[in-house]
Amino acid sequence: MEILVCVKRVPDTAENEFELNSAGNDLDRDDLVYSVNEWDNYAVEEAIQIVDNVGGSVTVVTVGDDESEEVLRREMAMGANNGVLLSDDAFEGSDGKGIAAILKAEIEKGRYDLILTGAQADEGAGQVGGMLAAMLDYPYASLVNKIEAVDDATIKVGREIEGGNQEMNEIQLPCVLSIQTGINEPRYVGIRGIRKVASVDIPVKGAGDLGIDAATVGDAGAKTKRVDYFVPDLGEGAEMLEGSTDEIIEKLIEKLKAKGGL
Amino acid sequence: MTQIFAYIPFKNGSAEDVALEFPAAAGKIDPTADLTAVVTGAGPDLDAVAQEMAKTYKEVIKISHADLAYPNAELVRKAMTDVLPHDAVILVPHDTFGMDLAPGLSVKMDAAYAADIVDFEGLDGTTLKMIRQELGGAVYTHVTSDISAGAVITIRPGSFAPIEAGSAGGTVNDKSGEVKDLAAKRKFLEVVEAEVGDVDITKSDVLVSIGRGIEDEENIELAQELAEAMGAVVSCSRPIVDAKWLEKSRQVGTSGQTVKPKVYMAMGISGSFQHLGGVKGNPFIIAVNKNPKAPIFQVADVGIVEDILEFMPELTEAIKSQ
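How each quantity is defined
Per-chain numbering applies: the sequence of each chain, read as written, is numbered from 1 onward. All chains are assigned letters beginning with A, and all ligands numbers beginning with 1, in the order in which they are written. Only residues with pLDDT of 70 or above have their local features reported here, since the model is predicted, and side-chain atom pairs are shown and tallied only from 80 upward, although totals for entire chains, interfaces and linings are computed over all residues. Numbered from the N terminus, helices here are DSSP runs of H or I no shorter than four residues, and strands are runs of E no shorter than two. Contacts are defined on C-beta atoms placed from the backbone: any two residues whose C-beta positions lie within 7 Å are in contact. Basically, the charged four are Asp, Glu, Lys and Arg, the nonpolar ten are Ala, Val, Leu, Ile, Met, Phe, Trp, Tyr, Cys and Pro, and anything else, Gly included, counts as polar. Pairs of strands are assigned from DSSP output, requiring at least two bridges between the strands. Each axis is a line fitted through C-alpha atoms, and for a helix only the stretch in contact is used; angles between axes span 0 to 180 degrees, taken between their N-to-C directions.

Asks: Looking at this structure, I do not really get the environment of Thr32 of chain B. What am I missing?
Replies: Checked against the element boundaries, Thr32 of chain B lands in the loop between α1 (22-29) and β4 (34-41). When the C-alpha atoms of Thr32 of chain B and Met1 of chain B are compared, they prove to be 7.5 Å apart, with 31 residues separating the residues in sequence.

Asks: Looking at this structure, I do not really get the environment of Glu185 of chain A. What am I missing?
Replies: Position of Glu185 of chain A relative to the elements: it lies in the loop between β10 (175-179) and α5 (191-196). For Glu185 of chain A and Glu45 of chain A, which are 140 residues apart along the polypeptide, the C-alpha to C-alpha distance reads 7.6 Å.

Asks: Could you clarify how one ought to interpret the interface of chain A and chain B in this entry?
Replies: Bring the parts together and some accessible area is lost; that lost area is often taken as the interface size. At the interface, 67 residues of chain A touch 72 residues of chain B. Residue assignment for the side of chain A that touches chain B shows that the elements contributing at least two residues are α3 (96-107), α4 (128-136), β7 (140-149), β8 (154-160), β9 (166-172), β12 (224-230), β13 (239-240) and α8 (245-258) of chain A. Split by residue class, the side of chain A that touches chain B holds 31 nonpolar, 20 polar and 16 charged. Looking at chain direction, β13 of chain A and strand β17 (residues 302-304) of chain B are connected through 2 bridges and run parallel. Paired with Glu239 of chain A across the bridge in β17 of chain B is Val302 of chain B.

Asks: Mind showing me how you'd approach the sheet that holds strand β7 (residues 112-124) of chain B here?
Replies: Whether parallel or antiparallel, the strands of a sheet pair through hydrogen bonds between backbone atoms. The 10 strands lie next to each other as β12(A)-β9(B)-β8(B)-β7(B)-β10(B)-β6(B)-β1(B)-β4(B)-β5(B)-β11(B), forming an open sheet whose pairing is mixed. Each of the sheet's edge strands pairs with one partner strand only, and the pair in question is β12 of chain A together with β11 (171-174) of chain B. In this sheet, adjacent strand axes meet at a mean angle of 35 degrees when their direction is disregarded. Sheet topology places strand β1 (residues 3-7) of chain B next to β4 of chain B; 5 bridges connect them, and they run parallel. Paired with Phe5 of chain B across the bridge in β4 of chain B is Thr36 of chain B. Strands in contact with α1 of chain B are β1, β4, β6 (89-93), β7, β8 (127-134) and β10 (151-155) of chain B; relative to β7 of chain B, the strand with the most contacts, it is inclined by about 50 degrees.

Asks: In this structure, what is going on with the sheet that holds β9 of chain A? I would like to understand it.
Replies: Pairing within the open sheet is mixed, and its 10 strands lie in the order β11(A)-β5(A)-β4(A)-β1(A)-β6(A)-β10(A)-β7(A)-β8(A)-β9(A)-β12(B). Of all strands in the sheet, those with a lone pairing partner are β11 (204-205) of chain A together with β12 (186-192) of chain B, marking the two edges. Alignment of strand β4 (residues 57-63) of chain A against strand β5 (residues 82-86) of chain A, held across 5 bridges, turns out to be parallel. Looking at the pairing, Val63 of chain A lines up with Leu86 of chain A of β5 of chain A.

If you want it as structure tokens, here you go:
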């Protein structure tokens, strides 16, 4: 099985407290810690496990700048065989469809049976996988939390739906799946693993290499654009308990008693 | 004039709550717009929901086909693409079916796409300004879409105040005949119901709910001791189940259990909308988190900025000594 996994370098929500910049229209990005999108690690792990079982290879691809190369290397340290960086000034400011169109161009240059994305990334839209599938006329399933092989032409996938239930589907190959967290336990990547792939060549492809008209992607081709970031005034929020820990606990126990918590 | 169409999800012949939220959302996009409900399915369930929607919507488009009895996004997409005008603004709930349907629908309609919208700031010409969140709810953004060639927009359920169900007699237009061949490369097999765990968290009046802040599996004991002292039950957010530290049946959220306790202790939980979507019945929420900017503090009644790993044992001791 030839598997392509689409990954993204994102600000790490576990490592950062997000602040706006002084102009108030963007994040203060100076000290942000970036990492690979959490969902993508599950997708790469799943791809590696499938290839371990049935053979084939795993390629990881991302659309991004030079710094995105580090997330490809990280996923290669996990066990992905190849990495491809799709990078061009013309790609900057792409909306979801722009990203999907760039990925589609790369996919059509290869031959993949299975294309995986994370169920969502930093923007929380969960859009690229479904768009990519529609552009390729491949079937699609989102929020996949189980993959079982059936035969060379078909796989069985479970989707996580409301209430913790699982919707089972049969889906024809080639297809696109967006992978939900919890489908597996992504393997740990140590410094040694990263060093092993530090000098592996990662090809970089731009709009010209992919045969993409620059006017159809990037900011020029985007119908949906982010204008600014802001933190709304959501009213008072919680009553914050302050003081020493003992004082806080005393106040909290009073409230718990009043509200039926004790 | 903007034409807005709302895809109505339903179960057992009854529309989901979001059906009454779409009219509020549409009014914020363009108060003069024509709003039409779209229902797809088969049999008496479909007819029932079409009639129900005609009480609130002036026009209801019904698309009936045996293969639509269980909503398969690929088929629903084909049906909607065949029936709806190509400059339509289509509203879809941002739920597990909407995430399957909407991105591909925007490609096939050649329309702008905006996901998980929580508010609209109105239409300027053909530019629609919207509000959404990024980074797990840590920040908000304004986004604009050029809707001159149509748009597919998913709205977050629960973000728009529902209107009262009406009693006006709207018309139901059966457009099933306009749907050409329906064929899909994906076939629905079955729904596997969630396993029932050893403890039913939906029955507990007090929940000690833990999130990422618990950091390590062995620290779960601290939450169990606190819950025991309080006569409460331990529940959790998604990352705890992903890490296999607690059973899925303990997970609160849209992809887990919906709980209605009197008191909800959110310990080291940041408060994503998927998590809060499972907390109903307006409980008294106490949030303890070492990050003062955690979104949970916006919705909690009482907030405490502390590390739960230090705070929980002290609280347990204090309760025991009462």
